[in-house]
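Structure at a glance
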Amino acid sequence: MADTVLSTAPRTSPRSPLARYAGRLAAATRTSRGAVRLAELPFLAQVDVRLDAKGAAADGVGLALGVPLPLEPNTVVRAGEAHVLWLGPDEWLVVGPAGSERDLEHRIRAGAGDGPVSVTDVSAQRTTLLVSGPRARDLLAHGCALDLHPYAFGAGRCAQTTLARTQVVLVARADPGAGFWVLVRSSFAGYLTDWLLDAAAEYV
């Protein structure tokens, strides 16, 4: 019988897609004198949910999360520490604190009961950039075709759109002065961050 060899190699902590950009993002924030603030919010839990908005499962999931699923297109509701984004008539994205994806999945599945539902952990697919500050809207408008005026895209709104030709989910945070979340696929995160840093140079 072969001996079992146990690995003694230390476990490495996960590395965010934009770890190497942390210093440059902080420097851009400093040199803009607060006009724009840029940072990565790594490892946020992201759980995609698909179900019939008119079915009993939707009501059950809303109860499990503590807030009804938003039915108005391109809106966001807050559910404790999580946020629920409307992505389509039968699709939502639940964004929560890092490490909460399993808990969110369990609560959503339990809430749906026997109803038809698709629950997919997509946390590893994207990272999140925080763009805030008085000139945040101006910065994003350089590369986004959406009308980002507060009357058109105010707090509590979200949209699947493109920013600098990159597909993103853009969220206008509801908290005063909280700015925007830019959810971008990890494989495009470096490119988009380079673009943001270049565009932010205008405010130096």
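The preceding data block contains the structure.
To keep things clear, this report deals only with the structure shown in the data block. These figures come from a predicted structure and were not determined experimentally. (Residues numbered from 1 in each chain as written. Predicted model: local features only at pLDDT ≥ 70, side-chain atom pairs only at ≥ 80, totals over all residues. Heavy atoms only, no water.)

**Things to note about unusual backbone geometry**
A positive phi is found at Asn 74, a non-glycine position, where the angle reads about 60°. Within the secondary structure, Asn 74 is located in the loop between helix H2 (56–65) and strand E3 (76–79). For Asn 74, a relative accessible area of 29% puts it in the partly exposed group. (Helix = DSSP H or I, 4+ residues; strand = E, 2+ residues; numbered from the N terminus. Buried < 20%, exposed > 50% of the residue type's maximum accessible area, 1.4 Å probe, protein only.)

**A word on the nonpolar core**
By size, the foremost hydrophobic cluster in this structure holds 31 residues, and its most contacted members are Leu 38, Leu 129, Val 131, Leu 139, Leu 140, Val 182 and Leu 192. When contributions to this core are tallied by element, the ones reaching two or more residues are helix H1 (22–31), strand E7 (126–132), helix H4 (136–141), strand E8 (158–163), strand E9 (166–172), strand E10 (180–185) and helix H5 (186–200). Among the elements that make up this core, the one with the highest residue count is H5 (six residues). Contact partners of Leu 38, with chain neighbours within four places excluded, come to Leu 25, Ala 28, Thr 29, Leu 130, Val 131, Leu 139, Leu 196, Leu 197 and Ala 200. Listed in part, the 20 residues of the second largest apolar core include Leu 69, Ala 82, Trp 86 and Trp 92. (Core = buried A, V, L, I, M, F, W, Y, C linked by side-chain atoms within 4.5 Å. Contact = heavy atoms within 4.5 Å.)

**A few points about H5**
With 15 residues, H5 extends 21 Å between its outermost C-alpha atoms, agreeing within 8% with the 21 Å of an ideal straight helix rising 1.5 Å per residue. Turning to H5, its buried residues are Ala 189, Gly 190, Leu 192, Thr 193, Leu 196, Leu 197, Ala 199 and Ala 200. (Expected span 1.5 Å × (residues − 1).)

**Concerning the environment of Ala 200**
The topology assignment puts Ala 200 in helix H5. When its relative accessible area of 3% is taken as the criterion, Ala 200 is described as buried.

**Some points on the sheet that holds E3**
In spatial order, the strands read E3-E4-E5-E2-E6; together these five strands make up an open sheet with antiparallel pairing. Because the sheet does not close on itself, it has two edges, and the strands there are E3 and strand E6 (117–121). With direction set aside, neighbouring strand axes in the sheet form an average angle of 25°. The sheet strands contacting H2 are strand E2 (45–51), E3, strand E4 (82–88) and strand E5 (91–96), and the helix crosses E2 at an angle near 155°. Sheet strands touched by helix H3 (residues 101–112): E2, E4, E5 and E6. Its angle to E2, the strand with the most contacts, is close to 20°. (Pairing = 2+ DSSP bridges. Axes fitted to C-alpha atoms, helices over the stretch in contact; angles between N-to-C directions.)

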